[in-house]
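Architecture at a glance
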Amino acid sequence: MIGLISATAAGAAARDRLAAAWPDRTRVYEGPVADAVRRAFGECEQLVCFLATGAVVRLVAPLLSDKASDPGVVCVDEGGRFAVSLVGGHGGGANELALAVGKLLGAEPVVTTATDAVGVPGLDTLGMPVEGDVAGVSRALLDGEPVALELESSWPLPALPSNVGSGVPGGGPTIRVTDRVVEPSGSSEVVLRPPSLVVGVGASKGAPVDEVLGLVQGALADAGLSVASVAALATVDAKAGEPGIVGAAEQLGVPVLTYSAEELAGIDVPNPSAAPLAAVGTPSVAEAAALVGGGELLVPKRKSERADGAPAMATCAVVRRPGRGRLAVVGLGPGARDLLTPRAEAELRRASVLVGLDQYVDQIRDLLRPGTRILESGLGAEEERARTAVAEARKGQAVALIGSGDAGVYAMASPALAEASDDIDVVGVPGVTAALAAGAILGAPLGHDHVSISLSDLHTPWEVIERRVRAAAEADIVVTFYNPRSRGRDWQLPKALAVLGAHREPTTPVGVVRNASRPDESSRVTTLAGLDPATVDMMTVVTVGNTATRNIAGRMVTPRGYRWQEAVR
């Protein structure tokens, strides 16, 4: 919950805008400001104070305890010009909150955390629990000192500065990645806990939470494994709602993964048993559920022990899953920075390796973290880029493969996923397509059924393309043409227009948009008979309406076709 506190009418107006935008995330605190801040500080994970920074500093200073538990505090000035991340930039999420508040209120976010200011990833923002001298190692990162990287557990990390490496001698600042229970040795060392452990759990009906949780924690402790590296509890789907398992997962802060009995029965385990076979249809629950997806069995099946000597009601097994490479296929949108989605931007900053067309890399180079390895190439190397991205992910890297528009539409997702197998994790990040960007500029040409067709016959025979155009023409579907015309392909667009013209009137509206959303954007609405193909190139999107599309006030509009619209007419 985010506590909102204000002292003036202007502050209350901005406060109410946040409350209206985030009704389920915010709580307004009324009354004397000092009392409101004190109550919100104790009850909320984050605070937004519409007060002067000096006032907020004096109010929260007596309440501060430590950065691991203090809420994040953002301060917004009276004029709504700045959203300042004041306390808990990383641990309390104030940096991200300042960005979100700034975007909503039109304020400039102010983030002074040293790592964020220079683009170096904060050690407490890598998505893993961190222990040790975070401040000391972060200072070494910022100062360019050699920092040793010890990967006891392989895991895809975001880009790290060039002064971090596995070849740096030990004894100095160190980042250790491990799921073992180890204490950071002395100063200038941090331990990152990768989510590499899966605990398989079986439980009898009514097994107490304490018994399940105690069994899991005991198994990890005996094996010298950190509970902070547990990624999930896993069990058979028949036990998905078992209160003991669900409650243990909630206390550990991890999800419960469930699998069918048939799937678990197909997993080879060292300790099968007749009891679970009779109860739920598989000879193993704990070991099999932990081993789904492969990995190293670190703790074979073990049973809980009850103080009263009664039969055990829970079993567990622990598996270390190897760190899998991660491939994010990212759509950059049509080119304008404000049409690049926040999810795409986050994936670019998460990647340690970026693969893409050189001109697309130039669009987002400033968003990459220092140390990101860039593998760029020119036009016509799509398959090579796809193979390169998959190969880098198979090495255990966090890879971003970029494409314009949506990466799944005439872009890199298809060739990349054709190369990828199930040995890497693949994440698709959607982007605004050229057809959508052009449609928004033209009006509402895609208001009813529509299809996109590429006129490039470099990889698709023209006979196939023409058959698709004819099918769209006969079905009276709005058509958006990608790759309509180039210097070496100047006859395909006239041919496609002729195919459509056999089924549509010469006055059918046609929209032409070049460089949609970019500074040199241009657009016009013409007709099927009036379009000159010579004015079209590869940077252009051509949208041909259907028989219902109209030019209304210079805009292309394809009616949705609701029955009530017919009645109104």
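Just so it is clear, the model here is predicted, and its values are computed rather than measured. (Residues numbered from 1 in each chain as written. Predicted model: local features only at pLDDT ≥ 70, side-chain atom pairs only at ≥ 80, totals over all residues. Heavy atoms only, no water.)

All right, on to the nonpolar core then. For soluble globular proteins, nonpolar side chains are generally found buried alongside one another. Val199, Val201, Leu220, Leu233 and Val318 are the most contacted members of the largest nonpolar core, which has 24 residues in total. A per-element tally of this core places helix α7 (residues 209–222) first, with 6 residues. Leu233 has contacts with Val199, Val201, Ile245, Ala248, Ala249, Leu252, Val254, Pro255, Val256 and Leu257, leaving out every residue within four places of it along the chain. Formed by 21 residues, the second largest nonpolar core is a distinct cluster that contains Ala473, Val479, Ala496 and Val542. (Core = buried A, V, L, I, M, F, W, Y, C linked by side-chain atoms within 4.5 Å. Buried < 20%, exposed > 50% of the residue type's maximum accessible area, 1.4 Å probe, protein only. Helix = DSSP H or I, 4+ residues; strand = E, 2+ residues; numbered from the N terminus. Contact = heavy atoms within 4.5 Å.)

Moving on, we come to the pattern of salt bridges. This model, assessed by the stated rule, comprises 27 salt bridges. Close ionic contact of Glu376 with Arg365 constitutes a salt bridge, the shortest N to O distance being 3.5 Å. Of this pair, Glu376 sits in strand β19 (residues 373–377) while Arg365 is found in the loop between α13 (358–364) and β19, placing the two residues 11 residues apart along the sequence. A salt bridge links Lys395 to Glu392, with the nearest nitrogen and oxygen atoms 3.3 Å apart. For Lys395, a relative accessible area of 58% puts it in the exposed group. One network of salt bridges, with partners in common, ties together Glu150, Glu152, Arg176, Arg180 and Glu189. (Salt bridge = Lys/Arg side-chain N within 4 Å of Asp/Glu carboxyl O.)

Time to look at unusual backbone geometry. Despite not being glycine, Tyr410 has its phi angle at roughly 50 degrees, a positive value. Of note, Tyr410 is situated in the loop between β20 (398–403) and α15 (413–419). Note on Tyr410: relative accessible area 43%, which makes it partly exposed. Of note in the backbone geometry, Asn515 takes a positive phi value of approximately 50 degrees without being a glycine. Structurally, Asn515 is set in the loop between β25 (509–514) and β26 (522–527).

Sheet strands associate in pairs through backbone hydrogen bonding, adopting either a parallel or an antiparallel arrangement. Sheet architecture is open: 3 strands sit in the order β22-β29-β28, paired in mixed fashion. The open sheet has two free edges, formed respectively by β22 (443–444) and β28 (550–552), since each of these has just one partner strand. Across 3 bridges, β28 lies against strand β29 (residues 555–557) in antiparallel orientation. Looking at the pairing, Asn551 lines up with Met556 of β29. (Pairing = 2+ DSSP bridges.)

Right, let's talk about the environment of Ala416 for a bit. Relative to the assigned elements, Ala416 resides in helix α15. Considering only alpha carbons, one finds Ala416 and Thr388, 28 residues apart in sequence, at a separation of 9.0 Å. Not counting the four nearest positions on each side in its chain, Ala416 is found in contact with Leu327, Ala386, Val390 and Leu401.

The next thing to look at is helix α8 (residues 243–252). Residues spaced three or four apart along an α-helix point in a common direction, a consequence of the helix completing one turn every 3.6 residues. Taken as a whole, α8 has its buried residues at Gly244, Ile245, Gly247, Ala248, Ala249 and Leu252. The inward-facing, buried residues of α8 abut β12 (197–203), α7, β13 (230–236) and β14 (256–259). Gly253 lies just past α8 and shows a positive phi near 75 degrees.

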